[in-house]
Amino acid sequence: MHTLLLSTYEMGRQPFGLASPAAWLERAGLAVRCVDLSRDRLLDEAIREADLVAWYLPMHTATRLAAPVIERVGRVQPRAHRCAYGLYAPLNASFLRARGIDTILGPEFEADLLALARRLADITPTSPEATPSDGQVNPERGVGVPRLHFVQPDRRGLPPLDRYATVQMDDGTKRVAGYTEASRGCRHTCRHCPIVPIYGGTFRIVQPEVVLADVRAQVAAGARHITFGDPDFLNGPRHAVRIVEALAREHPGVTYDITTKVEHLRRHAAVLPRLHETGCLFVTTAVEAVDDRILSRLEKGHTRDDFVRAVEHCRAIGLALGPTFVAFNPWITRDGYCDLLETIAALDLVEHVAPIQLAIRLIVTQGSRLLELPEIREQVGPFDAAALSYPWRHVDPAVDALQQTVMTLVGTRPGAPRREVFEAVRQLAHACAGSRPPAPRREARARATVPYLNEPWYC
Ligand code: SF4
């Protein structure tokens, strides 16, 4: 019984979603091979020996990239059982089944995947296992989201950490970065978030001893920085602080980064200095918009003023902030987009914002809470299986055209200085709005003084 675990895209990180199930399968005595297609080629030989092939689909891009690979596996080894797991698997169950996926598992998949492998191997489990998910989303809070007792991820079958995204430090040096997860899911229910249809406003923690063992193994493998990939690291602030304090004690000098929402930056402001003291290098935060009208449609739980105050607080304690945005959405106007850019400039955040963030367009996924809104239902077309989303058009075609132009600009200038790209986008935006762009400002901090991961965030 051979299992082949595949990852197509994980934002330049060594995939936890392969290392974790690999450990579960190996502990059960089952043969497993991991292939990260963002780093290595998938050989036909690996496909031919597999009885079970499973794709890890944690995000939109990973799912789209998986489609041709699913079809290829079907051609090369039609007898293999094909499984998809991770957040985007149940969201796109019908798309995946139409391409030959036999089993769909959710984002808390380890026990279900092991049960599936055992069933295929015809091994009777020694203890009861969860039944594989039927691919349905969970409209109620936490219904059907299992509570797992994790085991330490097994990363031996994956490329070394130095082949993944590195942290660019403020002194111009680079740090090898590891990646782990201290929790999955989220206790919030923001309207546009793909986590919500699956987790329904709940989250699951990874036991601290497992997280710390995983960090220890990655530090031993060369990591000098750890990215905590939790959708929101401060969903359980005590859990989070316990982990980073232990990390700092055991690995002095190792830095880390987290993602948390603006609401948590405000509510848990007292915790932030502790993060800084324990080596937190930067915090990614989903600001999405600076217009309170848009933020309320998204039910983000913060206002423009909260964002400004969070920036001030983080700056005061020396914590670098990396804001992300859904810059183009059905409610943004030409002037509103200019206001977003000018707010970024006024807050001295130009060097903190990855240029792709200036081009991101709202994605309406299957099961999205955005479909609760009448204006969204009116604006979207039928579900587009190829794009894995509901297409929408802005009521002002110039805004859609601007988004395309900004995306092209950003896409054709990878590696260009952030300020240079920002100023080019600013010119485009003001030309579109018929306004005059203010003179470029100089930031207090130059880019070289803002640490960041060299793989831009994308969904
Ligand atoms: S806080 Fe972040 S992860 Fe949680 S529901 Fe909102 S957008 Fe999603």
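Residues numbered from 1 in each chain as written. Predicted model: local features only at pLDDT ≥ 70, side-chain atom pairs only at ≥ 80, totals over all residues.

Caption draft 1: Summary view of the packing of helix 16 (residues 397-411) against helix 17 (residues 418-433). Contact pair helix 16 / helix 17: the axes reach a minimum separation of 10 Å and the direction vectors enclose 160°. On the basis of the axis angle, helix 16 is roughly antiparallel to helix 17. Crossing hand, helix 16 versus helix 17: right-handed. Counting all contacts with helix 16, which are made through Ala398, Leu402, Thr405, Val406, Leu409 and Val410, the residues of helix 17 involved are Val421, Ala424, Val425, Leu428, Ala429 and Cys432. When its residues are assigned to classes, the contact of helix 16 with helix 17 shows 11 nonpolar, one polar and no charged. (Axes fitted to C-alpha atoms, helices over the stretch in contact; angles between N-to-C directions. Helix = DSSP H or I, 4+ residues; strand = E, 2+ residues; numbered from the N terminus. Parallel < 35°, antiparallel > 145°, perpendicular 65-115°, else oblique. Left-handed = near helix turned anticlockwise from the far one by under 90°. Contact = placed C-beta atoms within 7 Å. Nonpolar A, V, L, I, M, F, W, Y, C, P; charged D, E, K, R; others polar.)

Caption draft 2: Up close: the site of the ligand. With respect to spatial proximity, the complete set of residues near the ligand consists of Cys186, His188, Thr189, Cys190, Cys193, Ile195, Val196, Pro231, Asp232, Lys261 and Ala286. In terms of residue class, the shell around the ligand is built from seven nonpolar, two polar and two charged. (Near = placed C-beta within 6 Å.)

Caption draft 3: Up close: the environment of Thr278. Among the structural elements, Thr278 can be located in the loop between helix 11 (272-277) and strand 12 (280-288). Once the C-alpha coordinates of Thr278 and Gln207 are considered, the two residues, 71 residues apart in sequence, prove to be 20 Å apart. With near-sequence residues (within four places) excluded, Thr278 lies in contact with Val244, Glu245, Leu247 and Ala248.

Caption draft 4: Seen up close, helix 3 (residues 60-76). Between its first and last C-alpha atoms helix 3 spans 25 Å; for 17 residues at 1.5 Å apiece the expected length is 24 Å, and the two agree. Most pronounced at Ala67, the bend in helix 3 amounts to some 35°, and the proline Pro68 follows within four residues. Taken together, the buried positions of helix 3 are His60, Ala62, Thr63, Ala66, Ile70 and Val73. Looking at the buried side of helix 3, the elements it contacts are helix 2 (44-48), strand 3 (52-56), strand 4 (81-85) and helix 4 (88-91). (Expected span 1.5 Å × (residues − 1). Bend = angle between axes of the 7 residues up to and from the residue. Buried ≥ 20, exposed ≤ 12 C-beta atoms within 10 Å, placed from the backbone.)

Caption draft 5: Expanded view of the domain arrangement of the protein chain. Taken domain by domain, the protein chain comprises domain 1 (2-121) and domain 2 (161-453). A separation of 28 Å is found between the C-alpha centroids of domain 1 and domain 2. With 16 residues of domain 1 at the contact, the number on the domain 2 side is 21 residues. Secondary structure elements with two or more residues in the side of domain 1 that touches domain 2: helix 3 and helix 4. Among the elements that take part in the side of domain 1 that touches domain 2, helix 3 stands out by supplying three residues, more than any other. The class makeup of the residues in the side of domain 1 that touches domain 2 is six nonpolar, six polar and four charged. (Domains from an automatic or database assignment.)

Caption draft 6: Spatial organisation of unusual backbone geometry. Positioned with a positive phi, Met11 is a non-glycine residue whose angle comes to about 60°. Its place among the elements puts Met11 in the loop between strand 1 (2-7) and helix 1 (16-27). Its identity as a non-glycine residue notwithstanding, Asp348 has a phi of 55°, on the positive side. Looking at the element boundaries, Asp348 is found in the loop between helix 14 (334-346) and helix 15 (374-379). For Asp348, a count of 15 C-beta atoms within 10 Å corresponds to the partly exposed category.

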